[in-house]
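One-letter residues, chain by chain:
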Amino acid sequence: MNEKGLLAGRVAIVTGGGGEIGSAIARRFAREGACVVVGDLEPAKAARIADAICAEGGQAAPHALDVCDPQSCADIVAFAVKRFGKLTTLANVAATVTPLGDVEKLALEHWNRALQVNLTGMFLMCKSVASAMRETGGGAIVSIASSHGHIGMPGRPAYCATKAAVLHLSKCVAIDYAPYKIRSNTISPGAIDTERAALQRYASREEANRAKGPAYLVGRTGSVDEIAAGATFLASDESSFMTGTDMLIDGGYLAFKGTTTNPV
Ligand SMILES: NC(=O)c1ccc[n+]([C@@H]2O[C@H](COP(=O)([O-])OP(=O)(O)OC[C@H]3O[C@@H](n4cnc5c(N)ncnc54)[C@H](O)[C@@H]3O)[C@@H](O)[C@H]2O)c1
């Protein structure tokens, strides 16, 4: 337990904590001294990450979570408060992607699912943590959007639209909860070296990184640890003058290109 870390004394919920970016955030939060509840639709993944954190000397507990279900969101908050005494921090990471296709090809069912997980899930989690954070005297919410919430890309109307909405919902939460010292910010990652991002369009992670790298000023895709570093900063007092804003962690993608010729 790191009592001098950036997040010492904090209690965090990480949604999608069993996934690649979510687990990197959960592990980094724990290394910085937070007690972490790892929430995921797939409980076995959440358990594996919580076990890994505990094996590294951190404090963590897994909890099954479906961010589309109001009761499940309320349950994980109650669990965090009961287990660790309070709640200070929420990382909204859970998301889904649809099969590729323009609006004609995209099934309504897939459109609705993307809205439910990526946007309504964030809404329900913010709704569920608000009173616990107010009782704690404040808190920090970090929601993972995407560079494709800023610009579109071919074949992903639902993903891009929901990520744009995440940016705006986060601002609205920041406005409404500023009086309670609850800050709300987003991170917009560019292409991160993960299986999910790679295998949508490429045969392997290596091939994806080779193809996408040149679209980035830094010449490569990002790592999950680079997103976890940003999330830690936004969750900590290091960012105490930041709320209602977005942190682009995109290797210069939008500054350099801002087009979709090399899609993520
Ligand atoms: N990987 C990238 O290149 C990239 C780029 C930009 C943004 N992002 C964003 O980063 C976040 C994490 O992406 P990732 O690449 O780690 O994906 P991932 O698929 O590895 O992780 C997503 C996790 O969310 C969980 N999940 C899905 N639906 C859920 C639900 N209803 N309730 C609770 N948990 C649920 C999944 O089980 C999974 O563990 C997402 O918000 C994604 O949109 C990723």
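> Tell me what's going on with the pattern of salt bridges, and back it up with residues and numbers.
Using the criterion set out here, one finds eight salt bridges in the structure. Between Asp193 and Arg205 there is a salt bridge, with the nearest N and O atoms lying 3.1 Å from each other. One end of the pair, Asp193, is in the loop between strand 6 (182–189) and helix 6 (195–199); the other, Arg205, is in helix 7 (residues 205–212), and twelve residues separate them in sequence. Assessed through its relative accessible area of 27%, Asp193 is described here as partly exposed. By relative accessible area, which is 25% here, Arg205 ends up partly exposed.

> Tell me about the site of the ligand, and please be specific about residues and values.
Neighbouring residues of the ligand: 30 residues in total, closest Ile21, Asp40, Val93, Tyr159 and Thr194. Lys45 places a polar side-chain atom, nitrogen or oxygen, 2.9 Å from an oxygen atom of the ligand. In the environment of the ligand, a nitrogen atom lies 3.3 Å from a nitrogen or oxygen atom belonging to the backbone of Leu65. Of all the secondary structure elements, the ones that give two or more residues to the shell around the ligand are helix 1 (20–31), helix 4 (108–136), helix 5 (157–177) and helix 6. Broken down by class, the residue content of the shell around the ligand amounts to 16 nonpolar, six polar and eight charged.

> How would you sum up the nonpolar core? Please name residues and give values.
Counting 31 residues, the largest nonpolar core has Val14, Ile25, Phe29, Val36, Val38, Ile187 and Ile227 as the members making the most contacts within it. Within the residue set of this core, elements represented by two or more residues are strand 1 (11–15), helix 1, strand 2 (35–40), helix 2 (43–55), strand 5 (139–144), helix 8 (224–235) and strand 7 (246–249). Setting aside its immediate chain neighbours within four residues, Ile25 contacts Val14, Ala91, Val93, Ile144, Ile227, Ala228 and Ala231. In terms of nonpolar packing, the next biggest core, distinct from the first, is built from 29 residues, Val11, Ala80, Val117 and Cys126 among them.

> Give a description of a nonpolar patch on the surface that names residues and reports values.
A contiguous nonpolar patch, built from Leu217, Val218 and Phe256 and spanning about 300 Å² of accessible area, is present on the exposed surface. The exposure class of Leu217 is exposed, given its relative accessible area of 54%.

> Help me get a handle on the state of the cysteines, residues and values and all.
Covalent bonding between the sulfur atoms of two cysteines is what defines a disulfide. Per the counting criterion, the structure on display carries zero disulfides. For Cys54, which is in no disulfide, the shortest distance to another cysteine sulfur is to Cys35 and amounts to 9.8 Å. Not part of a disulfide, Cys172 finds its nearest cysteine sulfur in Cys126, a span of 11 Å. What makes Cys172 partly exposed here is its relative accessible area of 33%.

> Could you give an account of helix 3 (residues 70–84), naming the residues involved and the relevant values?
Here helix 3 contains 15 residues, and its C-alpha end-to-end distance of 21 Å stays within 8% of the 21 Å for a straight helix at 1.5 Å per residue. Taken as a whole, helix 3 has its buried residues at Ser72, Cys73, Ile76, Val77, Ala80 and Phe84. Taken around the axis of helix 3, the buried residues stretch over an arc of 140°, which confines them to a single face. Packing partners of the buried residues in helix 3 comprise strand 1, strand 2, strand 3 (59–64) and helix 4. You can read the cap of helix 3 off the contacts: a side-chain oxygen lies 3.0 Å from the backbone nitrogen of Gln71, and it is on Asp69. At the C-terminal side of helix 3, Gly85 shows a positive phi close to 95°.

Criteria and thresholds
Residues numbered from 1 in each chain as written. Predicted model: local features only at pLDDT ≥ 70, side-chain atom pairs only at ≥ 80, totals over all residues. Heavy atoms only, no water. Salt bridge = Lys/Arg side-chain N within 4 Å of Asp/Glu carboxyl O. Helix = DSSP H or I, 4+ residues; strand = E, 2+ residues; numbered from the N terminus. Buried < 20%, exposed > 50% of the residue type's maximum accessible area, 1.4 Å probe, protein only. Near = heavy atom within 4 Å. Polar contact = N/O pair within 3.5 Å; in protein donor to acceptor, adjacent residues only side chain to side chain. Nonpolar A, V, L, I, M, F, W, Y, C, P; charged D, E, K, R; others polar. Core = buried A, V, L, I, M, F, W, Y, C linked by side-chain atoms within 4.5 Å. Contact = heavy atoms within 4.5 Å. Patch = residues over 30% accessible without salt bridge, like charges linked within 9 Å, V, L, I, M, F, W, Y side chains within 5 Å. Areas by Shrake-Rupley, 256 points an atom, 1.4 Å probe, with all protein chains shown as cover. Disulfide = S-S within 2.5 Å. Expected span 1.5 Å × (residues − 1). Arc of directions from axis to C-beta.

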